[in-house]
Amino acid sequence: MTGPQMSDDELDRLLSAATRPVVPDGALARLNARIAREGGADNVVALQRSVKEPPRQSSRLGWLAGLPLAASLVLGIYLGSSGAGPGFLPDTAYELLSGVNLEDSMSGIDDVLSVAEESST
């Protein structure tokens with residue numbers, strides 16, 4: 001909008017001044033008669049629904065791409081159900097990112113102190 005902006009109060013006053021237009025008697029009949037007289041069907045383009053293509057035969061490439069995913073799912077289920085998985089992965093994201101065992105530093109105070117000592121000059 002390039003002109004000056006209206007406030008909410010000004011817009012409310014403008015909209016309250018608007019009235020509902022009155023449709024004259026016989027307007028619908030005159031409109032239908034004009035449509036019938038002018039033959040509006042000459043310039044109407046009928047739209048057709050697009051015909052869906054039949055499904056193509058699926059290639060084996062999709063199945064080949066799914067094999068590693070299926071194998072990793074089976075391995076994850078096996079490791080999770082056998083109890084062998086916790087030995088392979090860290091218990092928390094903290095251990096994964098820091099490389100520190102969580103049981104050694106539970107509060108994080110040691111980390112804060114080491115960072116404070118490194119940043120002091």
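Reading the values: the criteria
- Residues numbered from 1 in each chain as written.
- Predicted model: local features only at pLDDT ≥ 70, side-chain atom pairs only at ≥ 80, totals over all residues.
- Heavy atoms only, no water.
- Helix = DSSP H or I, 4+ residues; strand = E, 2+ residues; numbered from the N terminus.
- Buried < 20%, exposed > 50% of the residue type's maximum accessible area, 1.4 Å probe, protein only.
- Areas by Shrake-Rupley, 256 points an atom, 1.4 Å probe, with all protein chains shown as cover.
- Patch = residues over 30% accessible without salt bridge, like charges linked within 9 Å, V, L, I, M, F, W, Y side chains within 5 Å.
- Salt bridge = Lys/Arg side-chain N within 4 Å of Asp/Glu carboxyl O.
- pLDDT = per-residue confidence, 0-100.
- Lys, Arg positive; Asp, Glu negative; His and termini not counted.
- Charge placed at Lys NZ, Arg CZ, Asp CG, Glu CD.

1. Considering the overall build of the chain
A count of helices and strands for the chain gives 5 helices and 0 strands. Going residue by residue from the N terminus, the α and β elements of the chain occur as α-α-α-α-α. For the chain, the proportion of its 121 residues judged to be buried stands at 3%. Per element, the accessible surface of the chain, about 11900 Å² overall, is 61% carbon and sulfur.

2. As for a nonpolar patch on the surface
A cluster of nonpolar side chains, contributed by Met 6, Leu 11, Leu 14 and Leu 15, occupies part of the molecular surface with about 370 Å² of accessible area. Along the chain, Met 6 falls in the segment before α1 (8–17).

3. Description of the confidence of the model for the chain
Averaged over all residues, the pLDDT of the chain is 75; the fraction at 70 or higher stands at 62%. Within the chain, the lowest mean pLDDT, 61, falls on helix α4 (residues 93–98), and the highest, 91, falls on α1.

4. Focus on a negative patch on the surface
Taken together, Asp 8, Asp 9, Glu 10 and Asp 12 make up a surface patch of like negative charges. Among the secondary structure elements, Asp 12 is positioned in helix α1.

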